[in-house]
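# Structural overview for review
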Amino acid sequence: MTWSAADIPDQHGRIAVVTGANGGLGLETARQLAAKGAHVVMAVRNQKKAAAAVDEIRASVPDAALELVALDLASQASVRAAAEQIMAAHKSIDLLINNAGVMGIPEAKTADGFEMQLGVDHLGHWSLTALLLPALLRTPGARIVTVTSTAHHMGRAISPANPHLHGRYRPWRAYGQAKLANFHFGLGLQRELENAGVSTASLIAHPGLSNTDLQAVSVQQTGGGTSQRFFLFLARRSGMSAADGALSQLRAATDPAAKGGEFYGPRFVNSGPPVRKPVVRRLGLDKAIAALWEVSERETGIAIDVRAAAAA
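Anyway, here's the lowdown on the structure attached to this text. Treat the numbers as computed from the prediction; the structure is a model and nothing was measured.

### A closer look at the pattern of salt bridges
Pairs may arise between side chains of opposite charge once their charged atoms sit close together. In total, this model carries ten salt bridges according to the counting rule given. Close ionic contact of Glu-107 with Lys-109 constitutes a salt bridge, the shortest N to O distance being 3.9 Å. Between Asp-255 and Arg-251 there is a salt bridge, with its nearest N and O atoms 2.8 Å apart. Judged by relative accessible area, which is 8%, Asp-255 ranks as buried. Taking the relative accessible area as the measure of exposure, Arg-251 reaches 17% and is therefore buried. What you see here is one network of salt bridges that share partners, running through Glu-28, Arg-31 and Glu-56.

Here it is, written out as structure tokens:
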């Protein structure tokens, strides 16, 4: 049976935090959750674009409950400030959708000196998740959905010796590493939650090839590199709409039958309705997750301690 936005259960009374909710997949995720009655915290960097996104959602969902929070995932200080603001406003959180990201850009550093793609796509979300964990654990059946990509198949597991690819940087090498980090983070987090015996679940999702502004931004930031222009052309020519691309993460977040540790994506690899996908690349998985935890804790100075967060 095909799953669509019509299958999203009623979300009234639920708090959903969506990163990158001012465009593309994040905007469509926020729109659908708001349409079903959720209070959506739109955690975004560009506040002008965010204000326009709020107006766009309310044009189709007049009673949408929306809240803007400034979040720059390229700054750990911004992540801490955003988490503090969200926690002050909401004692419990039902959904955290780690959606925002950058793709295939030239080598750059975050405010904290991290390689930009790893810093934004993974390390920023690592810290945000850790800091919001107490509110998630207060909510029975809360879910954390981390958005990866089919590009995780071309990524290599993070190396604690050189996580920022000094002297080895290539835009797609870094992107593949970052998206594989998302994959390993979602699975590793589920293990931590299970070991602590809590009901909060961690799932992963990928949107397939979706025609969003991610490709256009990549082209702008690279000056129009060949591979970036190719993916932009492909997305515009054959990619799914952002609304269809967002369905995988929406299903992972809201389908009552979905379970922690599951992976959702389009049926036909990069297109089609959202279905549960097999978790492959299990060889070396334990080692890769352990390395990711080591790097993430070391770089951010923040540990994910589920039992301590539950006690808090």
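### Here's the deal with the packing of helix H5 (residues 171-196) against helix H10 (residues 285-300)
Axis separation between H5 and H10 bottoms out at 9 Å; the angle between their running directions is 95°. With respect to their mutual orientation, H5 and H10 come out roughly perpendicular. Residue-level contacts link Ala-181, His-184, Phe-185, Leu-187, Gly-188, Leu-189, Arg-191 and Glu-192 of H5 to Leu-285, Asp-286, Ala-288, Ile-289, Leu-292 and Trp-293 of H10. Of the residues contributing to the contact of H5 with H10, the split by class is nine nonpolar, two polar and three charged.

### Concerning empty space enclosed by the protein
Evaluation of the coordinates by the stated rule reveals one cavity of 30 Å³ or more. By volume, the largest cavity amounts to about 30 Å³. Taken together, Arg-156, Ala-157, Ile-158, Gln-177, Leu-180, Ala-181, His-184 and Leu-292 make up the lining of the largest cavity. It is H5 that provides the largest number of residues to the lining of the largest cavity, a total of four residues. Each residue belonging to the lining of the largest cavity can be placed in one class, and the counts come to five nonpolar, two polar and one charged.

### Considerations on helix H4 (residues 116-137)
Along its 22 residues, H4 runs 30 Å from first to last C-alpha, staying within 8% of the 32 Å computed at 1.5 Å per residue. Where H4 bends most, at Leu-131, the angle is about 40°, and the proline Pro-134 comes one to four residues later. The buried fraction of H4 amounts to 21 of the 22 residues, a majority that puts the element mostly inside the structure. Between a side-chain oxygen at the N-terminus of H4 and the backbone nitrogen of Gln-117 the separation is 2.7 Å; the capping residue is Glu-115.

### A short note on the nonpolar core
Counting 56 residues, the largest nonpolar core has Val-17, Leu-132, Leu-133, Leu-136 and Ile-304 as the members making the most contacts within it. Mapped by element, the contributors of at least two residues to this core are strand S1 (15-19), strand S2 (39-44), helix H3 (76-89), H4, H5, H10 and helix H11 (306-311). It is H4 that provides the largest number of residues to this core, a total of twelve residues. Of all hydrophobic cores here, the second largest spans 36 residues; its members include Ala-34, Leu-66, Ile-97 and Tyr-264.

Quick notes on the rules
- Residues numbered from 1 in each chain as written.
- Predicted model: local features only at pLDDT ≥ 70, side-chain atom pairs only at ≥ 80, totals over all residues.
- Heavy atoms only, no water.
- Salt bridge = Lys/Arg side-chain N within 4 Å of Asp/Glu carboxyl O.
- Buried < 20%, exposed > 50% of the residue type's maximum accessible area, 1.4 Å probe, protein only.
- Axes fitted to C-alpha atoms, helices over the stretch in contact; angles between N-to-C directions.
- Helix = DSSP H or I, 4+ residues; strand = E, 2+ residues; numbered from the N terminus.
- Parallel < 35°, antiparallel > 145°, perpendicular 65-115°, else oblique.
- Contact = heavy atoms within 4.5 Å.
- Nonpolar A, V, L, I, M, F, W, Y, C, P; charged D, E, K, R; others polar.
- 1 Å grid on protein atoms, 1.4 Å probe; cavity = no way out; pocket = protein on both sides within 12 Å on 5 of 7 lines; lining within 4 Å.
- Points joined across faces, edges and corners; volume = space filled by probe spheres on them.
- Expected span 1.5 Å × (residues − 1).
- Bend = angle between axes of the 7 residues up to and from the residue.
- Polar contact = N/O pair within 3.5 Å; in protein donor to acceptor, adjacent residues only side chain to side chain.
- Core = buried A, V, L, I, M, F, W, Y, C linked by side-chain atoms within 4.5 Å.

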